[in-house]
Amino acid sequence: MTQLITVSIAVLLIGFILWWFFGQHQERVADAQIKNDEQAPTVIVDGGYSPSTLILKKGVPAKVNFKMNDSTACLSHVVFEKLGIDKDLTKQKMTQIEIPTDQATEFDYACGMNMFHGKIIVKD
Ligand SMILES: [Cu+2]
């Protein structure tokens, strides 16, 4: 009986470790909705970026809203290196960032410390 309990706990523990390492870091990809010839998707900032990969339609003006649900200093800034953008997300609940969609490309962004990463893909 004791053995059975030990084995059960071990299996649960292994399952938890697997979930922790592989489950949590699963990438979420989302397509932006187009409304009135504009796309204004929302990225939720809470212990990371959700969705971590956002797909925008090429040629449609895009403003990405970063909704700040995180209170740690780590995620307080969002940095788009390629665009020269470094925004403080803690000033307001929602921060709008304009993303050029004139050509198919990818924009990587990160928190101010380059620990959390997200990606915006512009494509046809
Ligand atoms: Cu950070």
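In this text the structure is predicted, and so the values were computed from the model without any measurement.

(A) The arrangement of unusual backbone geometry in detail. Going from Ser-50 to Pro-51, the amide bond is cis rather than trans, its omega being -5°. Positionally, Pro-51 belongs in the loop between strand E5 (49-50) and strand E6 (53-57). In the Ramachandran plot, Asn-36 falls in the positive-phi region, its phi being about 50° despite a non-glycine side chain. Among the secondary structure elements, Asn-36 is positioned in the loop between strand E2 (34-35) and strand E3 (38-39). According to the relative accessible area criterion, Asn-36 is exposed, its value standing at 75%.

(B) Structural view of the sheet that holds strand E11 (residues 105-111). With mixed pairing, six strands are arranged side by side in an open sheet as E1-E6-E12-E11-E8-E9. Edge positions in the sheet fall to strand E1 (29-31) and strand E9 (85-88), since each has one partner strand and no second. Across the sheet, the mean angle from the axis of one strand to that of its neighbour is 20°, orientation sign disregarded. With two bridges connecting them, strand E8 (residues 77-80) and E11 associate as antiparallel partners. Within E11, the residue paired with Val-79 across the bridge is Ala-110.

(C) Quick peek at the coordination of the copper ion. The copper ion binds to the protein through Cys-74 (SG) and Cys-111 (SG); the donor distances cover 2.1 to 2.3 Å. You can see Cys-74 sitting in the loop between strand E7 (62-68) and E8 and its partner Cys-111 sitting in strand E11, a full 37 residues away along the chain. With respect to burial, Cys-74 and Cys-111 carry one shared label: buried.

(D) Seen up close, the pairing of strand E12 (residues 117-123). When E6 meets E12, the two strands line up parallel, connected through five bridges. Counterpart to Thr-53 in the pairing with E12 is Lys-119. As paired strands, E11 and E12 are joined by six bridges and run antiparallel to one another. Bridged to Glu-106 within E12 is Ile-121.

The rules we used
- Position numbers for residues start from 1 in each chain and track the written sequence from start to end.
- Reporting in this predicted model follows two pLDDT cut-offs: at least 70 for local features of residues, and 80 or more for side-chain atom pairs to be given and counted; totals over whole chains, interfaces and linings ignore these cut-offs and use all residues.
- Water and hydrogen atoms were dropped before computing side-chain values, which therefore reflect all heavy atoms in the structure.
- By the criteria applied, helices consist of DSSP H or I runs no shorter than four residues and strands consist of E runs no shorter than two, each listed in order from the N terminus.
- Only protein chains enter the accessibility calculation, which uses a 1.4 Å probe. A residue is then buried if its area is under 20% of the maximum for its type, exposed if over 50%, and partly exposed in between.
- What makes two strands pair is DSSP finding at least two bridges between them.
- Every angle, taken between N-to-C directions, lies between 0 and 180 degrees, and every axis is a line fitted to C-alpha atoms, over only the stretch in contact when it is a helix.
- Any N, O or S atom lying within 2.8 Å of the metal counts as a donor, with the limit raised to 3.2 Å for Na, K and Ca; because water is left out of the atom set, some sites can appear incomplete.

Shape descriptors only; they carry no functional weight alone.
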